[in-house]
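Fold and geometry: a report
If you want the building blocks of each chain, they are given just below.
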Amino acid sequence: MSNSTTYLADGEGLGGWFSTFDHKKIAWMFLGWTISLFLFGGIFAGYFKLMAFKGANVDQAILDQMLTYHGIIMVFMFLVPLIPSVLGFFLLPLQLGAKEMAMPKMSRCSLRFYVVGVILLLASLAFCPVGTGWTFATPYSLIDGGSFLLLALGMLFMGLSWVFTGVNFLVTVHSKRAEGMGFFDMPILSWSLYLTSYVLIISGLMLSILIMYLAGAEATGRGLFSGMSNPLDWQNYFWFITTPAAFFAIIPAMGIISDVISGISRKAVSGYRTVVGSLIALLALSFVTWGVHMVGFGQEAAHSYTFAVLSLFSVVPVSLIVYSWLATMNRGSIMCAVPTSYVLAFLFNGGIGAMLGLFLVNMSVGDYLAATLFSTAHLHYLMMGGVMGAMLAGLYFWWPKFTGKLYNQNVGRLGAVLYLIGLNLAFFPQIIMGTKGLAQGAHLVPDSLAWYQSLSLAGMGVLLLGLGVAVVNLMTSLTDGEEAGDNPWGVGTMEWKTTSPPPAGNFDVLPEGKEPYLY
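**Examining the overall build of the chain**
A tally of regular secondary structure across the chain gives 16 helices and 0 strands. By the compact-globule yardstick of 24 Å for 519 residues, the chain fits well, its C-alpha radius of gyration being 22 Å. For the chain, the spread of C-alpha atoms along the principal axes amounts to about 65 × 45 × 45 Å. Residue burial in the chain is summarised as follows: out of 519 residues, 55% are buried. Pairs at least 24 apart in sequence give 84% of the contacts found in the chain among residues at least 6 apart. Accessible surface computed for the chain: about 19,900 Å², of which carbon and sulfur atoms make up 67%. Between the averaged position of the 21 positive side-chain charges in the chain and that of its 23 negative side-chain charges there is a distance of 6 Å.

**Some details on helix H14 (residues 373-403)**
The largest bend along H14 reaches roughly 45 degrees and is located at Phe397, with the proline Pro400 sitting one to four residues downstream. Backbone geometry just after H14 places Gly404 at a positive phi near 75 degrees.

**Brief notes about the packing of H14 against helix H16 (residues 450-480)**
One can describe the packing of H14 onto H16 by two numbers: an axis separation of 11 Å at closest approach and a directional angle of 10 degrees. One way to sum up the angle between H14 and H16 is to call them roughly parallel. Note on element contacts: H16 touches H14 through Leu463, Leu467, Val469, Ala470, Asn473, Leu474, Met475, Ser477 and Leu478, opposite Met384, Met388, Leu392, Leu395, Tyr396, Trp399 and Thr403. Residues of the contact of H14 with H16, tallied by class, amount to 13 nonpolar, 3 polar and no charged.

**A look at the nonpolar core**
Across soluble globular proteins, nonpolar side chains have a tendency to be buried as a group. Grouped together as the largest cluster of nonpolar side chains are 144 residues, with contacts concentrated most on Phe76, Phe136, Tyr342, Trp398 and Tyr419. Sorting elements by how many residues they give to this core places helix H3 (residues 60-96) first, with 22 residues. Sequence-distant contacts of Phe136, that is, excluding residues within four places in its chain, are made with Ile72, Ser141, Phe148, Leu151, Met155, Ile211, Leu214, Trp234 and Phe238. In terms of nonpolar packing, the next biggest core, distinct from the first, is built from 5 residues, Leu373, Met433, Leu438 and Val445 among them.

**Comments concerning a nonpolar patch on the surface**
Taken together, the side chains of Ile35, Leu39, Leu464, Val471, Met475 and Leu478 present a nonpolar region at the surface, about 470 Å² in accessible area. Every element with two or more residues in the nonpolar patch is listed here: helix H2 (23-54) and H16. Broken down by element, the residue count for the nonpolar patch peaks at 4 residues, all from H16. Note on placement: Leu478 falls in helix H16. Residue classification places Leu478 among the partly exposed positions, given a relative accessible area of 36%.

**A few points about helix H10 (residues 301-312)**
With 12 residues, H10 extends 16 Å between its outermost C-alpha atoms, agreeing within 8% with the 16 Å of an ideal straight helix rising 1.5 Å per residue. Residues of H10 that are buried include every one of Ser304, Phe307, Ala308 and Ser311, and no others. Around the axis of H10, the buried residues are gathered within 105 degrees of arc, so they sit on the same side. Along H10, the residues that are exposed and aim more than 90 degrees away from the buried face are Ala302 and Tyr305.

**Some remarks on the side chain of Thr172**
The topology assignment puts Thr172 in helix H6 (residues 148-175). Residue class for Thr172 comes out buried when judged on its relative accessible area of 0%. Once residues lying within four places of it in the same chain are set aside, the contact partners of Thr172 are Leu92, Leu96, Met101, Ala102 and Arg177.

**Overview of the environment of Val445**
Along the chain, Val445 turns up in the loop between helix H15 (409-435) and H16. Exposure remark for Val445: the relative accessible area of 13% places this residue in the buried category. Sequence-wise, Val445 and Ala27 are 418 residues apart; in three dimensions their C-alpha atoms are separated by 41 Å.

**Here's the deal with the environment of Phe76**
Turning to its location among the elements, Phe76 is positioned in helix H3. On the basis of relative accessible area, Phe76 is assigned to the buried category, the value being 1%. Sequence separation of Phe76 and Trp162 is 86 residues, and the distance between their C-alpha atoms is 9.9 Å.

**Notes on the packing of H3 against helix H7 (residues 188-220)**
Taken N-terminus to C-terminus, the directions of H3 and H7 make an angle of 135 degrees; their axes are 10 Å apart at the nearest point. One way to sum up the angle between H3 and H7 is to call them oblique. Relative to H7, the crossing made by H3 is left-handed. Residues Phe76, Pro84, Gly88, Leu91, Leu92, Gln95 and Leu96 of H3 form the contact with H7, whose own contacting residues are Leu189, Ser190, Leu193, Thr196, Leu200 and Leu207. Looking at the contact of H3 with H7, its residues break down into 9 nonpolar, 4 polar and no charged.

**Side note on the confidence of the model for the chain**
Looking at the chain as a whole, its pLDDT mean stands at 87, while 95% of the residues score no less than 70. Across the chain, element-level confidence peaks in H15 with a mean pLDDT of 95 and bottoms out in helix H1 (residues 13-18) with 72.

**Side note on the packing of aromatic side chains**
All told, the structure shown has 39 aromatic pairs when counted by the stated rule. With a centroid separation of 5.9 Å and 85 degrees between ring planes, the pair formed by Phe136 and Phe148 is classed as edge-to-face. Here Phe136 is found in the loop between helix H4 (104-127) and helix H5 (140-143), whereas its partner Phe148 is found in helix H6, with 12 residues between them in sequence. Just as Phe136 is buried, Phe148 falls in that class too. Cluster of aromatic residues (ring-pair linked, three or more members): Phe76, Trp134, Phe136, Phe148, Trp162, Phe225, Trp234, Tyr237, Phe238 and Trp239. Cation over ring: Arg177 sits above Phe183, and NZ or CZ is 4.4 Å from the ring centre.

How each quantity is defined
Residues numbered from 1 in each chain as written. Predicted model: local features only at pLDDT ≥ 70, side-chain atom pairs only at ≥ 80, totals over all residues. Heavy atoms only, no water. Helix = DSSP H or I, 4+ residues; strand = E, 2+ residues; numbered from the N terminus. Rg over C-alpha atoms; globule rule 2.2 N^0.38 Å. Buried < 20%, exposed > 50% of the residue type's maximum accessible area, 1.4 Å probe, protein only. Contact = heavy atoms within 4.5 Å. Areas by Shrake-Rupley, 256 points an atom, 1.4 Å probe, with all protein chains shown as cover. Lys, Arg positive; Asp, Glu negative; His and termini not counted. Charge placed at Lys NZ, Arg CZ, Asp CG, Glu CD. Bend = angle between axes of the 7 residues up to and from the residue. Axes fitted to C-alpha atoms, helices over the stretch in contact; angles between N-to-C directions. Parallel < 35°, antiparallel > 145°, perpendicular 65-115°, else oblique. Nonpolar A, V, L, I, M, F, W, Y, C, P; charged D, E, K, R; others polar. Core = buried A, V, L, I, M, F, W, Y, C linked by side-chain atoms within 4.5 Å. Patch = residues over 30% accessible without salt bridge, like charges linked within 9 Å, V, L, I, M, F, W, Y side chains within 5 Å. Salt bridge = Lys/Arg side-chain N within 4 Å of Asp/Glu carboxyl O. Expected span 1.5 Å × (residues − 1). Arc of directions from axis to C-beta. Left-handed = near helix turned anticlockwise from the far one by under 90°. pLDDT = per-residue confidence, 0-100. Phe/Tyr/Trp six-rings, centres within 6.5 Å; stacked < 30°, edge-to-face > 60°. Lys NZ or Arg CZ within 6 Å of the ring centre and 35° of its normal.

This is the structure we're talking about:
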């Protein structure tokens, strides 16, 4: 344990936060930015649904712009960087027994590039909004007329932020592990962040390059993605980038759930090497399944069939990981705590999302469902139900490590219940509307489907209330919470071998590597 001053009371003051190299403070600033952007993006979605429900006389171009910025913010600036940039930056050095990230200056650059990307995105929204849709589909992105160059520059800096984060994680794992810690002595979360770093680098670089190519084609009318090219060319490149991006949101989510289940069950992860191997398999599959998103959008049937088969292979590693979670919980001393509630919500929502995916890769119905709200519901169940659920489970589990404070368990469980009810109330009606043929981004909802739309709107309100309760419960613990102690969960991983919250340098004496889960 350490007797040093904690990183929250190191005497640097407010100005020190903006010039810090401390990975823990950088994680806090990423948390603030991502929460703010979630609220901003959610406003767009709620307003769009309200206008579509009322059938208000609103310019359709404005609704397209709102959907565009909702998708860009939620996918590229919230869900993708959420876990790596918050829990990843905070926990990776601690779990490896290191005093800091391998390249602290690069940590700060990741945050600053992220902020620049957000500012440029908001500038494009203020000056002349883009209404191409969040996939930037050609030829619409070439003739939209919005400030696409500003948006593209924002996406460029966002991609560079991913690259810097991935390189930092990669080098940290290779060079900063504690003495005696081998690769198979790392916790599952550290493994998932390590694997994620490869995808962050590849997808970030490709996103940065290709979005500028598209901006060049929009400005000059020439180039790889000009109006003379096949629209499927951009779609192939885009989904090749974005499909791994979805996986590098889901893979660390699975890492979080593995470590949280181990902690709340007070048992080592069952089938540790099987879980690691399954995560590696998912990483590999993320680069060969992009075409499944183009089923129903003009892709040749032979290609769709190939991608559908490859996508079905992902069932195997996912099943092995879920089996590991169930085996870990079996005969474990499971705590009835807030993280447990969010783990159950993750399993329920993620299970629904996975089942919906089986319909979308089925060529007999995928052509019909891919362009409807069914596909939208599938994405939200995986992202909002899976990634967000895992993030909340992890945030509540490691909150004592972040702050040294305990939160209110009853209020936390209430937030988890509202989150689960609200999410399903918001998105399950979209499954039904999708099967009835309502297209993605439809500006008007037929009277026959108005009841489902009203349920979805009510669900969004309940979901927002649940998330608000969860955040307020954590924030109020900063002033009203009891002291947590150094290891309130009794967990054996390395991050709990120092004080809660940790000192500025994490450890006074660097620990020695050992098995990751000892109880």
